Amino acid sequence: MQSFTQYAPTEIVFGRGAEDRLAEWVKKHGGSRVMLVYGGGSAVRSGLLPKLEALLEKEGVPCAALGGVQPNPLLSFAREGVVRAREFGADMIVAVGGGSAIDTAKAIAHGAANPGTDIWQFWKAERPLTQSLPVGVVLTLSAAGSETSSSAVITNQETGEKRGINTDFNRPRFALMNPELTFTLPPFQIACGIVDIMMHTLDRYFTKTEGNEFTDEVAEALLRVVIRNGRKAMADPADYDAMSELMWCGSVSHNGLTGLGVVMDFSVHQLGHELGGMFDIAHGASLSILWGSWASYVRGEKPERFARYAEKVWGVTDAADTEAAALAGIEKTVDYFRELNMPVCFSGGAMGVQPEPVIAELALRCSFYEKRLVGQFKKLDREDLYNIYTAANR
Ligand code: NZQ
Ligand code: ZN
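For clarity, every value in this text was computed on a predicted model and none was experimentally measured.

Criteria and cut-off values
Residues numbered from 1 in each chain as written. Chains lettered and ligands numbered in written order. Predicted model: local features only at pLDDT ≥ 70, side-chain atom pairs only at ≥ 80, totals over all residues. Heavy atoms only, no water. Helix = DSSP H or I, 4+ residues; strand = E, 2+ residues; numbered from the N terminus. Buried < 20%, exposed > 50% of the residue type's maximum accessible area, 1.4 Å probe, protein only. Polar contact = N/O pair within 3.5 Å; in protein donor to acceptor, adjacent residues only side chain to side chain. Contact = heavy atoms within 4.5 Å. Salt bridge = Lys/Arg side-chain N within 4 Å of Asp/Glu carboxyl O. Near = heavy atom within 4 Å. Areas by Shrake-Rupley, 256 points an atom, 1.4 Å probe, with all protein chains shown as cover. Nonpolar A, V, L, I, M, F, W, Y, C, P; charged D, E, K, R; others polar. Core = buried A, V, L, I, M, F, W, Y, C linked by side-chain atoms within 4.5 Å. Donors = N, O, S within 2.8 Å, 3.2 Å for Na, K, Ca; no water. Axes fitted to C-alpha atoms, helices over the stretch in contact; angles between N-to-C directions. Parallel < 35°, antiparallel > 145°, perpendicular 65-115°, else oblique. Pairing = 2+ DSSP bridges. Phe/Tyr/Trp six-rings, centres within 6.5 Å; stacked < 30°, edge-to-face > 60°. Lys NZ or Arg CZ within 6 Å of the ring centre and 35° of its normal.

Asker: Honestly, the side chain of Glu161 in this entry has me stumped. Any pointers?
Answerer: Secondary-structure assignment places Glu161 in strand β7 (residues 161–166). Accessibility expressed as a relative area gives 15% for Glu161, which makes it buried. Side-chain polar atoms of Glu161 contact the side chain of Lys124, separated by 2.8 Å. Leaving out residues up to four positions away in the same chain, Glu161 has contacts with Trp120, Lys124, Ile154, Thr155 and Asn156.

Below you can see the structure in the form of structure tokens.
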């Protein structure tokens with residue numbers, strides 16, 4: 001095995017009724033005044049939010065609820081949340097929802113613990129983050145993996161930038177994960193989640209690092225489980241077994257385990273973030289639009305890795321040679337996205353096919369105005385990024 005460090009401190013409570021123990025976990029992690037952060041209303045409609053408020057009240061934990069986080073969560077809303085959290089005197093932020101609520105809770109926690117600093121400075125790396133408030137999670141969507149990850153992704157609407165920061169201060173203290181809370185998800189969100197979970201593993205799996213047998217096989221097993229249960233979940237969102245497999249795979253996919261010891265790539269996420277920043281499309285859709293074009297563009301870097309993926313994940317054993325196997329693996333992945341009714345090129349997405357100057361602008365932004373190369377499997381410069389966006393722009 002290659003050397004690695006692994007830090008996954010989030011305590012998980014998994015299974016039916018997990019959220020009933022919110023007050024216990026808040027207290028265990030030192031919370032005494034809690035701000036609950038949620039989205040556009042699904043948590044209210046399902047009755048989850050009032051239930052959590054009542055549970056906290058019953059256990060003598062004052063709480064304030066802040067709703068209105070939108071998908072591709074906005075910096076302006078998080079800034080507002082910081083003010084509210086400080087006014088309320090919150091000493092813990094608990095997200096109720098998916099990646100957008102969780103990332104907003106993380107941003108609010110950073111801002112509330114650092115009065116006088118504008119939180120965007122942390123995202124722009126203009127200030128080091130040295131302290132934050134503890135964050136807890138009641139998860140309602142299996143997708144982003146933010147409930148265990150070290151990332152938080154926020155969109156600055158004024159500049160059109162969607163940016164993430166990675167820091168251990170982003171690791172939630174606890175996550176309460178009841179798969180039943182995901183039964184109300186619309187099919188599109190389930191599908192977006194399946195793509196995102198796969199992508200957190202694929203963005204680690206396509207690496208040039210060798211010698212990580214366990215990491216590779218964990219990744220392959222996770223992908224097979226997600227693909228299989230993704231089909232079941234799409235057919236019946238109230239299938240507890242399928243939804244629970246997706247939920248746990250979502251966390252493991254992004255807590256580091258499927259990439260231990262490897263040099264990670266994450267190009268597709270970087271390409272996707274520019275699309276999300278410019279067009280406000282669902283994160284999972286931005287990834288399904290771009291993955292096939294990225295994979296086709298870079299497969300020549302190490303075709304045998306793509307061939308292995310095809311065999312271990314998709315059961316391709318009859319390809320004529322390595323190249324044919326690599327292509328078959330890419331095709332099967334893209335076909336699976338289609339089966340989930342996910343877009344696989346620009347015309348399938350909300351923004352449609354774009355004129356050439358927009359593609360050039362996306363590539364320029366993704367290269368940070370030519371200040372960085374993107375990814376590791378193949379280090380992509382502005383021209384490479386342009387070529388990949390162009391291939392997907394059909
Ligand atoms: O806002 P509400 O009304 O709650 O509705 C949400 C939202 O419209 C809905 N939803 C959530 N749970 C539901 C539900 N609807 C019915 N029943 C439920 N149980 O789903 C919609 C999408 O929610 P959102 O939180 O935006 O989705 P997701 O979990 O996919 O998160 C996406 C965000 O996470 C970021 C993405 O970039 C995007 O901004 N990511 C964060 C990561 C991290 N922090 O580690 C990693 C990821 O790669 C990703 O970048
Ligand atoms: Zn993602």
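Now that the structure is up, let's keep going.
Asker: Sorry, what's going on with the pattern of salt bridges here?
Answerer: One side chain can pair with another of opposite charge once the charged atoms of both are near each other. Summed over the entire model, instances satisfying the criterion amount to 22 salt bridges. Between Arg16 and Glu180 there is a salt bridge, and its shortest N-O distance comes to 3.0 Å. Highlighted residues: Arg16 in the loop between β1 (11–14) and α1 (22–28) and Glu180 in the loop between β8 (174–177) and α7 (187–205), separated in sequence by 164 residues. Using a relative accessible area of 32% as the deciding quantity, one classes Glu180 as partly exposed.

Asker: What's the story with the site of ligand 1 in this structure? I'm lost.
Answerer: Ligand 1 sits among 33 residues. The nearest are Gly40, Ser42, Ser100, Ser149 and His200. With respect to ligand 1, the side chain of Ser42 contributes an N or O atom lying 2.7 Å from an oxygen atom. Residue Leu181 places a main-chain N or O atom 2.9 Å away from a nitrogen atom belonging to ligand 1. In the complex, 89% of the free accessible area of ligand 1, which totals 960 Å², lies under the protein chains. Mapped by element, the contributors of at least two residues to the shell around ligand 1 are α5 (99–112), β6 (151–156), α7 and α10 (267–279). Residues belonging to the shell around ligand 1 are distributed by class as follows: eleven nonpolar, 19 polar and three charged.

Asker: Would you take a moment to explain the environment of Gly284 for this structure?
Answerer: Topologically, Gly284 is positioned in helix α11 (residues 283–298). On the accessibility criterion, Gly284 (5% relative accessible area) is buried. Placed 86 residues apart in sequence, Gly284 and Met198 show a C-alpha to C-alpha distance of 9.9 Å.

Asker: Where do I start with the nonpolar core in this structure?
Answerer: Judged by nonpolar contacts, the single largest core of 66 residues is most densely connected at Trp291, Trp294, Phe306, Phe346 and Tyr389. At ten residues, the largest contribution of residues to this core is made by α7. Those residues in contact with Tyr389 that lie beyond four places of it in its chain are Gln270, Leu271, Glu274, Leu275, Leu290, Phe346, Ile359, Leu362, Ala363 and Cys366. In this structure, Leu66, Val69, Ala90 and Ala175 belong to the second largest nonpolar core, which totals 26 residues.

Asker: Would you explain unusual backbone geometry in this entry?
Answerer: Trans peptide bonds make up most of the peptide bonds, and negative phi angles are found at most residues other than glycine. The residue Ala125 is not glycine, and still its phi comes out positive at about 60°. Here Ala125 is to be found in the loop between α6 (120–123) and β5 (135–139). In this structure, Phe368 is a non-glycine residue whose phi angle is positive, near 50°. As for its position among the elements, Phe368 is in the loop between α14 (356–366) and α15 (382–392).

Asker: Looking at this model, I keep getting lost on the coordination of the zinc ion (ligand 2). Mind explaining?
Answerer: Angles between donor atoms at a metal ideally measure 109.5 degrees for a four-coordinate tetrahedral arrangement and either 90 or 180 degrees for a six-coordinate octahedral one. On the protein side, the zinc ion (ligand 2) has Asp196 (OD), His200 (NE2), His269 (NE2) and His283 (NE2) as donor atoms, found 2.0 to 2.2 Å from it. Here the donor residues of the zinc ion (ligand 2) share one chain and are spaced in sequence as D-x3-H-x68-H-x13-H. In this pair, Asp196 and His200 are both assigned in helix α7, four residues apart and thus about one turn of the helix distant. Given the relative accessible area of 2%, Asp196 is considered buried. We classify His200 as buried; its relative accessible area is 2%.

Asker: Sorry if this is basic, but what is going on with the packing of α7 against α10 here?
Answerer: If you want to describe how two helices pack, look at the angle between their axes and the distance between the axes. Put simply, α7 and α10 touch, their axes get as near as 8 Å, and they point 130° apart. Between α7 and α10, the angle falls in the class oblique. Each of Asp196, Met199, His200 and Asp203 in α7 lies in contact with α10, whose residues at this interface are Ser267, Val268 and His269. Along the lines of polarity and charge, the residues of the contact of α7 with α10 split into two nonpolar, three polar and two charged.

Asker: Could you clarify how one ought to interpret the sheet that holds strand β3 (residues 63–66) in this entry?
Answerer: Strands pair in a sheet through their backbones, by hydrogen bonds, and they do so in one of two ways: parallel or antiparallel. If you walk across this open sheet you meet the six strands as β1-β8-β5-β4-β2-β3, and the pairing is parallel. Every interior strand has two partners, whereas the edge strands, β1 and β3, have only one. Across the sheet, the axes of successive neighbouring strands diverge by a mean angle of 15°, strand direction being ignored. Contacting β2 (34–38), β3 and β4 (92–97), helix α4 (residues 75–88) crosses the sheet at an angle of about 165° to β3.

Asker: For this particular structure, what's the right way to read the packing of aromatic side chains?
Answerer: The description of two aromatic rings rests on the distance between their centres and on the angle between their planes. One pass over the full model with this rule turns up 15 aromatic pairs. Residues Tyr205 and Tyr309 carry aromatic rings whose centres are separated by 6.1 Å and whose planes lie at 55° to one another, so their mutual orientation is tilted. Pair noted here: Tyr205 is in helix α7 and Tyr309 is in helix α12 (residues 303–314), with a separation of 104 residues, a long-range link. Comparing Tyr205 with Tyr309, the two get one shared label, buried. On the numbers, 6.4 Å between centres and 50° between planes, the contact of Phe206 with Trp291 is tilted. Taken as a pair, Phe206 in the loop between α7 and α8 (213–235) and Trp291 in helix α11 lie far apart in primary sequence, 85 residues in all. As far as the burial class goes, Phe206 and Trp291 line up, both buried. Here the basic side chain of Arg16 rests over the ring of Tyr240, its NZ or CZ set 3.7 Å away from the ring centre.

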